[in-house]
Amino acid sequence: MTLIAIDLDGTLLSDEGFINDQNRKAIHEAQRQEHIIVISSGRSLHDSKQILTNAGLNCPIITGNGAVASHSGEIIQNLYLSANVVLEMIDVIEKSGLYYEIYTNKGVFIEGDRRDFLTREINRMKERITDFEWEKANGIVEKQYQQHGITYVPNYREIDYTALDVYKLFVLSFDVERLTQLQDHLMERNDIALTTSGRQKLEIGNPEASKGNALKFIANYFGVPMKDTVAIGDNRNDLSMFYEAGTSIAMENAEEVVKKQADHVTKHHNQDGVAFGLRKWVL
């Protein structure tokens with residue numbers, strides 16, 4: 001029996017945000033062989049659950065870059081930020097003037113509809129980026145607002161976070177210089193962890209939360225030795241899984257640093273790379 005942790009964006013999902021038939025069939029095939037498929041994503045728990053439901057899949061889930069693990073509808077690990085840290089992060093991000101979302105046990109909180117905020121930022125950057133990059137940026141915004149489980153709130157500062165188990169603050173900006181400045185400002189703190197799933201994104205979570213730590217936790221939960229684990233991913237937030245897994249598989253479209261760390265490189269995520277990788281190196 002092997003435990004296989006699979007990332008979503010840029011890995012299992014197509015550009016349209018769906019799990020294609022070949023990938024779905026390969027997952028079912030692995031499950032019939034009694035392998036354990038685990039979805040491991042930076043997305044929210046609500047969003048990840050709905051994506052799997054839409055694809056007709058039932059798997060344990062790691063979400064929020066390793067902060068929350070769920071199995072059979074039950075939370076089995078929950079690494080969240082204290083309310084005081086959340087409020088401090090809100091102050092810091094607000095001062096940076098960047099867009100952000102708050103991931104909670106009640107869904108993803110967005111203050112008002114901040115889509116216009118991002119659109120204005122993209123338009124300000126238009127003279128500094130190519131038409132392709134401009135279209136890609138708008139596509140990223142569209143994908144963000146297609147998440148399942150969004151809750152629009154009137155004011156981030158008026159919320160009582162003590163019972164909301166905030167497990168991630170997600171910062172999105174196409175002004176890489178300002179985003180880097182925020183990251184540098186937060187880098188030395190030991191009460192948070194920073195990761196990214198793309199150059200426009202900064203993700204803030206519990207200092208113990210990582211996909212790698214979550215992979216170790218869930219492998220132990222199911223009694224699977226780490227040498228019998230597989231990680232499949234494409235971005236920097238997947239690296240911690242690659243460091244821990246017995247076998248690591250990067251997508252053709254993965255960041256170069258991820259490919260260099262991988263044991264194998266499979267096909268592009270839009271070419272059913274997960275199915276190809278599973279059948280070639282695991283099943």
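Residues numbered from 1 in each chain as written. Predicted model: local features only at pLDDT ≥ 70, side-chain atom pairs only at ≥ 80, totals over all residues. Heavy atoms only, no water.

J.: Explain the side chain of Gln147 here, please?
T.: Structurally, the position occupied by Gln147 is in the loop between α6 (131-144) and β8 (150-153). Engagement of the side chain of Gln147 in a polar contact is seen with the side chain of Tyr103, the distance being 3.2 Å. A polar atom in the side chain of Gln147 sits 2.8 Å from the backbone oxygen of Gln144. Each residue touching Gln147, except ones within four places of it in the same chain, is listed here: Asp47, Glu101, Tyr103 and Val108. (Helix = DSSP H or I, 4+ residues; strand = E, 2+ residues; numbered from the N terminus. Polar contact = N/O pair within 3.5 Å; in protein donor to acceptor, adjacent residues only side chain to side chain. Contact = heavy atoms within 4.5 Å.)

J.: What is the right way to read the environment of His35 from this model?
T.: Checked against the element boundaries, His35 lands in the loop between α2 (21-32) and β2 (36-40). Classification of His35 by relative accessible area gives buried; the value is 14%. C-alpha separation for the pair His35 and Met1, spaced 34 residues apart in sequence, amounts to 5.0 Å. Residues in contact with His35, not counting those within four places in the same chain, are Met1, Thr2, Ile4, Ala30 and Leu283. For His35, the side chain forms a polar contact with the main-chain nitrogen of Thr2, separated by 3.1 Å. (Buried < 20%, exposed > 50% of the residue type's maximum accessible area, 1.4 Å probe, protein only.)

J.: What is the right way to read the sheet that holds β8 from this model?
T.: By way of backbone hydrogen bonds, the strands of a sheet pair with one another, either parallel or antiparallel. Pairing is mixed in the open sheet, where six strands are placed in the order β8-β7-β6-β9-β11-β10. The sheet is open, and its two edges are formed by β8 and β10 (193-195), each paired on a single side. Sheet twist, expressed as the mean angle between neighbouring strand axes with direction ignored, is 25°. Sheet topology note: the strand β7 (residues 107-111)/β8 ladder contains four bridges and is parallel. (Pairing = 2+ DSSP bridges. Axes fitted to C-alpha atoms, helices over the stretch in contact; angles between N-to-C directions.)

J.: Can you help me understand the packing of helix α4 (residues 83-96) against helix α7 (residues 176-186) in this one?
T.: When two helices pack together, their arrangement is given by the angle between their axes and by how far apart the axes lie. In contact at an axis separation of 10 Å, α4 and α7 are set at 150° when each is read in the N-to-C sense. Considering their axes alone, α4 and α7 lie roughly antiparallel with respect to each other. The interaxial crossing formed by α4 with α7 has right-handed handedness. Of the residues in α7, those in contact with Met89, Val92, Ile93 and Ser96 of α4 are Arg178, Leu182, His185 and Leu186. Partitioning the contact of α4 with α7 into residue classes produces five nonpolar, two polar and one charged. (Parallel < 35°, antiparallel > 145°, perpendicular 65-115°, else oblique. Left-handed = near helix turned anticlockwise from the far one by under 90°. Nonpolar A, V, L, I, M, F, W, Y, C, P; charged D, E, K, R; others polar.)

J.: Just checking my understanding: could you explain unusual backbone geometry for this structure?
T.: Keep in mind that most residues, glycine aside, have a negative phi and that most peptide bonds are trans. Although it is not a glycine, Asp165 adopts a positive phi angle of roughly 45°. Take Asp165: it is sitting in the loop between β8 and β9 (168-172). In this structure Asp165 comes out as buried when scored by relative accessible area, which is 16%. Even without a glycine there, the phi angle at Asp272 is positive, about 55°. Relative to the elements of secondary structure, Asp272 occurs in the loop between β14 (264-265) and α11 (273-281).

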